Amino acid sequence: MPKQESQPSSSGYHLTAFLGDLGSLPFTLLSLLMIKGYLSGAGLQSTSVLGLYAPYVFIAYSAVILSFLSGDLWATARGSATGSLATAVIILSNLVALSAWASLLLIYVAPILTVFAVTLLMAGFVSLLWAERVINKLAGEINSSYWSMRLRITILVVFWHIAVIFMMIQEL
């Protein structure tokens, strides 16, 4: 019989929410830095973090976080799913992690592929959210507080990816 809602310890959830919010902060700060350069007329070329091109820093951070979340999904699949579902989710988590790595390589090929890299990363975040939701729902382990936090952070991250994609396309 599926559980209606699992309740983690309140301190465990608070730590998860705090770290999730803290982890989304670089997306916001980097995006705002790029928006400032974009709106000033100097463009993204004028934006840097410690001398590094800000969009590349955004892509690198996004790839690291996406890889981390892929590993978390792998662990969730091993603990919550069985059979072909577990296999499919583990394969998906590996494909998303590899696509995050590929996005780091794409930025060196051509400017248009930099836009594709950001799009690929954004799709990875959405895919992992969907897969995690499916696996937890089938296992009957839906926690409304966690999902509210997870959805809120993913929407924020996707929003910043869209903003960066828009600015990059404008500069092509």
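Just above, that's the structure.
Predicted model only: the values in this text are computed from it and were never measured.

Here's the deal with the overall build of the chain
Along its length, the chain carries five helices and two strands. Starting at the N terminus and ending at the C terminus, the chain contains elements arranged as α-β-β-α-α-α-α. Each of the three principal axes of the chain carries a C-alpha extent, and together these read 60 × 30 × 25 Å. By residue count, 40% of the 172 residues in the chain fall in the buried class. Taking contacts inside the chain between residues at least 6 apart in sequence as the whole, the part at least 24 apart equals 72%. Surface exposure of the chain reaches about 9,400 Å², of which carbon and sulfur atoms provide 71%.

Digging into the packing of aromatic side chains
In this structure the tally under the stated criterion is eight aromatic pairs. Seen from their ring centres, Phe27 and Phe125 are 5.9 Å apart, and the 85° between their planes marks the pair as edge-to-face. Remark: Phe125 occurs in helix 4 (residues 111-139) and Phe27 occurs in helix 1 (residues 10-40); sequence separation between them is 98 residues. The exposure class assigned to Phe27 is buried, which follows from its relative accessible area of 2%. Judged by centre distance (5.5 Å) and plane angle (80°), the rings of Tyr146 and Trp147 are edge-to-face. For the pair shown, Tyr146 and Trp147 are each scored as buried. Among the aromatic side chains, those forming a connected cluster through ring pairs are Phe27, Phe58, Tyr61 and Phe125. One Lys or Arg, Arg133, reaches over the ring of Trp147 and ends 5.2 Å from the middle of that ring.

Comments concerning the pattern of salt bridges
A side chain of one charge can pair with a side chain of the opposite charge when the charged atoms of the two come close. Counted under the stated rule, the structure contains two salt bridges. Taking the shortest distance from any N to any O, the salt bridge between Arg152 and Asp21 comes out at 2.7 Å. In this pair, Arg152 sits in helix 5 (residues 144-170) while Asp21 sits in helix 1, placing the two residues 131 residues apart along the sequence. Ionic pairing is found between Glu132 and Arg150, a salt bridge with its closest N-O pair at 2.9 Å. Taken together, the positions of Glu132 in helix 4 and Arg150 in helix 5 put the pair 18 residues apart, joining distant regions of the chain.

Definitions and limits used
- Residues numbered from 1 in each chain as written.
- Predicted model: local features only at pLDDT ≥ 70, side-chain atom pairs only at ≥ 80, totals over all residues.
- Heavy atoms only, no water.
- Helix = DSSP H or I, 4+ residues; strand = E, 2+ residues; numbered from the N terminus.
- Buried < 20%, exposed > 50% of the residue type's maximum accessible area, 1.4 Å probe, protein only.
- Contact = heavy atoms within 4.5 Å.
- Areas by Shrake-Rupley, 256 points an atom, 1.4 Å probe, with all protein chains shown as cover.
- Phe/Tyr/Trp six-rings, centres within 6.5 Å; stacked < 30°, edge-to-face > 60°.
- Lys NZ or Arg CZ within 6 Å of the ring centre and 35° of its normal.
- Salt bridge = Lys/Arg side-chain N within 4 Å of Asp/Glu carboxyl O.

That's the geometry; what it means functionally is another story.
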